[in-house]
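Structural description and commentary
For reference, the chains in residue letters:
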Amino acid sequence: MKKTMIAFFMMILLTSSASAAEEIPLLTSDQIINQAKEMDGKSIQYEGEIIGDVLSRGEFAWLSITDGANALAVYLPTSEIPEDLVIGRYATRGDLVTITGDFHRACAEHGGDMDIHGETLVLIKSGFSVPVQTSTKFSVLTGSVFLCALTGLFYIKKLHAKIL
Amino acid sequence: MMYFIGLIIITLGLLQLLPFLVSFLYKEWHIMTIFLFSASLTVLVGVCLVALGQRYRTTKLSFGEGTVVASGAWLLGMLLCALPYYLSGDCLTFLDSCFDVMSGFTTTGLCLIQDLDHLSNGMNMWRQTLTYIGGQGMVVLALTFLTKDQSNAYKMYAGEGKDEKLFPNAVNTARQIWKISLFYLVIGTCVMFSAGLFAGLPLDRAFLHGIWVYMSAWSTGGFAPMSQNILYYHSAIFEFFTIVFFVIGSLNFALHHAILSGKLSELKRNIETITFTTSFVFLTFITTMGLMKSNVYPTVLAFIRKGVYQVISGHTTTGFMTIYAKQFYTEWGEIALFGMTAAMLLGGSACSTAGGFKALRVGVIFETFKVEVRKLLLPESRVVESRIHHIKDMVLSDPMIKSSFLIVIAYIFTFLAGTLIGMFHGYPFALASFESASVTGNVGLSIGVTSASMPGLMKVTYILIMWLGRLEFMSIFTLVAFLMKGGIKK
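Now for a quick tour of the structure. Numbers given to residues run from 1 along each chain, matching the order in which its sequence is written. Following the order in which they are written, the chains are lettered starting with A and the ligands numbered starting with 1. Two thresholds apply to this predicted model, a pLDDT of at least 70 for residue-level local features and 80 or more for giving and counting side-chain atom pairs, whereas whole-chain, interface and lining totals are computed over all residues. Excluding hydrogens and water, the side-chain figures rest on all heavy atoms present in the structure.

**Overview of the overall build of chain A**
To keep it simple, the criterion reads: Put simply, DSSP H or I for four residues or longer makes a helix, DSSP E for two residues or longer makes a strand, and each gets a number counted from the N terminus. Exposure is judged per residue with a 1.4 Å probe applied to protein chains only, and the accessible area is read against the type maximum: over 50% gives exposed, under 20% gives buried, and values in between give partly exposed. We get accessible surface area from the Shrake-Rupley algorithm with a probe of 1.4 Å; when it comes to residues, only the shown protein chains can shield them.
Each helix and strand in chain A was counted, giving four helices and eight strands. Its helices and strands in sequence order give chain A the pattern α-β-α-α-β-β-β-β-β-β-β-α, from N to C terminus. Counting every position in chain A, which comprises 164 residues, the buried fraction comes to 38%. Just so you have it, chain A exposes about 9,300 Å², and 62% of that area is on carbon and sulfur atoms.

**A few points about the overall build of chain B**
Convention followed: Only C-alpha atoms enter the radius of gyration, while the globule expectation follows 2.2 Å times N to the 0.38, with N the number of residues. Should any heavy atoms of two residues lie within 4.5 Å, those residues are considered in contact. When charges are counted, Lys and Arg contribute as positive and Asp and Glu as negative, whereas His and the chain ends are disregarded. Where a charge lies is defined by one atom per residue type: Lys uses NZ, Arg uses CZ, Asp uses CG and Glu uses CD.
Helix and strand counts for chain B come out as 23 helices and two strands. Computed over the C-alpha atoms, the radius of gyration of chain B is 22 Å, within 12% of the 23 Å expected from 2.2 N^0.38 for a compact globule of 490 residues. Along the first, second and third principal axes, the C-alpha set of chain B runs to 70 × 55 × 50 Å. Looking at chain B residue by residue over its 490 residues, the buried ones come to 63%. Contacts in chain B between residues at least 24 apart in sequence constitute 74% of all its contacts with a sequence separation of at least 6. Just so you have it, chain B exposes about 18,000 Å², and 71% of that area is on carbon and sulfur atoms. Averaging the coordinates of the 33 positive side-chain charges in chain B and doing the same for the 25 negative ones gives two points 8 Å apart.

**A closer look at unusual backbone geometry**
Residue and element names in this part refer to chain B. Positive phi is not limited to glycine here, since Asn229 has a value of about 60°. Inspection of the secondary structure puts Asn229 in the loop between helix H11 (203-218) and helix H12 (236-249). For Asn229, a relative accessible area of 11% puts it in the buried group. For Lys358, which is not a glycine, the phi torsion comes out positive at approximately 90°. Mapping Lys358 onto the fold places it in the loop between helix H18 (334-346) and helix H19 (359-377).

**Looking at the packing of aromatic side chains**
Residues and elements named next belong to chain B. What counts is decided by this rule: The pairing test for Phe, Tyr and Trp rings, Trp by its six-membered ring, is centres within 6.5 Å, and the orientation test on the planes gives stacked under 30 degrees, edge-to-face over 60, and tilted for anything in between.
For the structure on display, the rule yields 23 aromatic pairs over all chains. Where Phe240 meets Phe241, the ring centres are 5.3 Å apart and the plane angle is 70°; that geometry is what we call edge-to-face. Judged by relative accessible area, Phe240 falls into the partly exposed class, the value being 49%. For Phe241, a relative accessible area of 26% gives the class partly exposed. Ring geometry for Phe369 against Phe405: centres 6.4 Å apart, planes inclined by 65°, an arrangement best described as edge-to-face. In this pair, Phe369 is assigned in helix H19 and Phe405 in helix H20 (residues 398-424), connecting sequence segments 36 residues apart. Among the aromatic residues, those joined into a ring-pair cluster are Phe183, Tyr184, Trp218 and Phe253.

**Considering the side chain of His209 of chain B**
Its location among the elements puts His209 of chain B in helix H11. The contacts of His209 of chain B, once residues within four sequence positions are left out, are Leu201, Tyr214, Pro225, Met226, Tyr232 and Tyr233 of chain B.

**Some details on the interface of chain B and chain A**
The following threshold applies: Two parts placed together each lose some accessible area under a 1.4 Å probe, and adding up what both lose gives the buried area. A side-chain nitrogen of Lys or Arg and a carboxyl oxygen of Asp or Glu constitute a salt bridge if their distance falls within 4 Å. The definition of a polar contact used here is a pair of N or O atoms within 3.5 Å, where within protein one atom must be able to donate a hydrogen and the other to accept one, and adjacent residues in sequence count solely through side-chain atom pairs.
Taken together, the contact pairs 56 residues of chain B with 51 residues of chain A. Summing the contributions of chain B and of chain A, the shared interface buries around 4,300 Å²; its carbon and sulfur component is 64%. The three residues of chain B that bury the most area against chain A are His118, His234 and Tyr324 of chain B, which together make up 16% of that side's buried surface. For the pair chain B and chain A, the interface holds five salt bridges. For Asp113 of chain A, the salt bridge identified is with Lys306 of chain B, shortest N-O distance 2.6 Å. At the junction of chain B with chain A, the criterion picks out 15 residue pairs in polar contact (both at pLDDT 80 or more). Where the side of chain B that touches chain A is concerned, the elements lending two or more residues are helix H1 (2-15), helix H3 (29-53), helix H16 (300-315) and helix H17 (325-332) of chain B.

**What to know about a nonpolar patch on the surface**
Residues and elements named next belong to chain B. Here is the rule we go by: Here the term patch refers to residues with relative accessible area over 30% and no salt bridge, with like charges joined within 9 Å and nonpolar side chains (Val, Leu, Ile, Met, Phe, Trp, Tyr) within 5 Å.
Taken together, the side chains of Leu21, Phe24, Leu25, Tyr26 and Trp29 define a hydrophobic patch exposed on the protein surface, amounting to about 520 Å² of accessible area. For the nonpolar patch, the element with the most residues is helix H2 (residues 17-25), which contributes three residues. Tracing the backbone shows Phe24 in helix H2. On the accessibility criterion, Phe24 (43% relative accessible area) is partly exposed.

**Observations concerning the side chain of Thr287 of chain B**
Residues and elements named next belong to chain B. Looking at where Thr287 falls in the secondary structure, it is placed in helix H15 (residues 271-294). Reaching out from Thr287, the side chain makes a polar contact with the backbone oxygen of Leu283 at a distance of 2.7 Å. Setting aside residues up to four positions removed in sequence, Thr287 forms contacts with Val311, Trp332, Ala336, Gly339 and Met340.

**Description of the packing of H18 of chain B against helix H21 (residues 429-440) of chain B**
When two helices pack together, their arrangement is given by the angle between their axes and by how far apart the axes lie. All names here are of chain B. Inclusion rule: Note on method: axes are straight lines fitted to C-alpha atoms, helices fitted across the in-contact stretch only, with angles between N-to-C directions ranging 0 to 180 degrees. Roughly parallel refers to an angle under 35 degrees, roughly antiparallel to one over 145, roughly perpendicular to one between 65 and 115, and oblique to any angle outside these ranges. Crossing handedness follows the turn of the near helix against the far one: under a right angle anticlockwise gives a left-handed crossing, and clockwise gives a right-handed one.
One can describe the packing of H18 onto H21 by two numbers: an axis separation of 8 Å at closest approach and a directional angle of 20°. One way to sum up the angle between H18 and H21 is to call them roughly parallel. Here H18 and H21 pass one another in a crossing that is left-handed. Contact residues: Leu337, Met340, Thr341, Met344 and Leu345 in H18; Ser433, Phe434, Ala437, Ser438 and Thr440 in H21.

**Digging into the environment of Ser261 of chain B**
Mapped onto the secondary structure, Ser261 of chain B falls in the loop between helix H13 (253-260) and helix H14 (266-269). In terms of polar contacts, Ser261 of chain B uses its side chain to reach the backbone carbonyl oxygen of His257 of chain B, at 2.5 Å.

**Remarks on the pattern of salt bridges**
For the structure on display, the rule yields 14 salt bridges over all chains. A salt bridge links Lys326 of chain B to Asp30 of chain A, with the shortest nitrogen-to-oxygen separation between them at 2.3 Å. On the criterion of chain membership, the pair formed by Lys326 of chain B in helix H17 and Asp30 of chain A in helix H2 (residues 29-34) is interchain, its members lying in two chains. The exposure class assigned to Asp30 of chain A is partly exposed, which follows from its relative accessible area of 26%. The partner of Glu331 of chain B in a salt bridge is Arg105 of chain A, with the nearest N and O atoms 3.8 Å apart. With one member in each of two chains, Glu331 of chain B in helix H17 and Arg105 of chain A in the loop between strand E6 (96-104) and strand E7 (115-125) form a pair that bridges those chains. Classification of Glu331 of chain B as buried rests on a relative accessible area of 7%. Overlapping salt bridges, with partners in common, bring together Glu49 and Arg93 of chain A together with Asp115 of chain B in one network.

**A few points about H16 of chain B**
All names here are of chain B. To be explicit about the condition: Note on bend: the value at a residue is the angle between axes fitted to the seven residues ending there and to the seven starting there.
Its axis deflected by about 30° at Tyr309, H16 carries its strongest bend there. For H16, the tally of buried residues reaches 13 of 16 residues, placing the bulk of the element in the interior. Note on H16: the residue one or two positions beyond its end, Thr317, has a positive phi of about 60°.

**Here we look at H2 of chain B**
Think of an α-helix as turning once every 3.6 residues; residues three or four places apart then point the same way. Residue and element names in this part refer to chain B. This is how the line gets drawn: In this description, the arc belongs to the directions extending from the helix axis to the C-beta atoms.
Along H2, the residues classified as buried are Pro19, Val22 and Ser23. Buried residues of H2, viewed axially, fall in a sector of 100°; they line one side. Against the buried residues of H2 lie H1, H3 and helix H7 (121-136).

**Let's talk about the pairing of E7 of chain A**
Residues and elements named next belong to chain A. Convention followed: Any two strands between which DSSP finds at least two bridges are classified as paired.
The pairing of strand E4 (residues 71-77) with E7 spans three bridges and is classified as parallel. Of the residues in E7, the one forming a bridge with Ala73 is Asp115. Two strands pair when backbone bridges link them, and E6 and E7 are joined in this way by nine bridges, in the antiparallel orientation. Across the sheet, the residue bridging to Thr100 is Thr120, located in E7.

Put into structure tokens, the structure is as follows:
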């Protein structure tokens, strides 16, 4: 009985350590760049906001994903990219996603680019618009300064025909 | 002087209508209002200065006063042009905003902007406009459009670190500089737009990125619309065309004028092109040795797109990058960093958009050493005369040698001061010297030191160094002396 119990616990221990070894680490961009040599060729997970553009390359595409510190390049099959993707730009926050793939510190296939060859893209949170508003006070102030500047320009123009 | 500074400030105000227009087209209403406010305020300040100084507008300026106009306009221009960055909240503090404006004006390309990847199109247009105007020179712009005053023009023109005369008078020279720049602007935008489409950008984004990257490349600026800089495009063709334009931009305007006038042989004979090519080959060799030792890049293509690209970007003082800043110190190794630091300090051509020592001065100093060695080998009675070719054949004169040595020594001291300040703030020598060389040479490549969290004193020091490096010292020394003498009344 005792031997069976030990064997059972040993099996649980071995299984859990094997799954821990297979677990893909979730890294930040700073960790990836700083430990590029150690992480080269390994599977990683990276989480961040999609920004910029989807740069299509046939059946694959480049995505830029930022975690706030750096934007990293992800090369992945277009089939993995959702059609209703929200890309982060001015006044828009892009989709927050997790990428799983192989990291290359100087990818031989892509001219030495530091990139992640993504296999899966998982949407964590959809992107959204960020409203940007101008205060009424500032608009009135702008209008007043604009009128003063315009008057000044006419005055200068009248003063010297050569200017403008 | 106030009158002329006012004219330059009015020009800077009117220029803000360009990002205003882009904001309008992209319905960025808040940014549009900010630009309208900032443009109006800048014009208003310019109008006041013109009105106050109009009594003296026919007064002949001395050379010293001409340089004070140039450096004074740069200083006041920096404060006024920083308003959009600050009001939009894209920069955390007004000091950061001033840093980014000076970085643009001096075509350095380092930036403290927060969240570049979410920056509005209007603000991106403003960054590139600042760089483009700074590269050509804002005094050159004002001379082209706002004045016909021949007598004072050259003194202000020279005060902006330019001394080549393409035509007998400075106003025509300034106009020719703008003609050359606008000619390349049309071609460059078309080429970079096509390269952008090829890289996968949608039509309107390809146009905007095309014009921005072109403006930055031609001005040897280094600002790019995305935080990944040129790496963002993942395109060898895009990278190739940026090299073409920043190399062209780093050439002397006098050389451009000669080539466009049909004197193609000038390219092969000119001391600047010879010096630049020689130093580029030598420094590429050193960097290659370093990179081979570090064993970073797996293929020849990777080595060219990362190693050689960074060297030529640094040597032309552009600052475009195809790697992450941190990779310089985590992967490149000290030998490659030495090659890069030297390339950034040597810089491009005189009277161009580039910074650094300048190839003409390096060539003159090298020729001087050659002459001195020859003198030692020949009998004392023999007169040794050396000639250099720069647009025309000229004798290597003592004033030319003296001025070359003076400016290069001033650059070296500035570089050392920048390095020391960095080290005082706790950065290791390799990092502090790399960043200092980048700032001194108005390059813009970063090893990761420049950031919004950098100490305030370092930001102020870097602003001063960028300004000194771009206007080549004398204008700023004259401004300081002038202010100390209390001469602002005039």
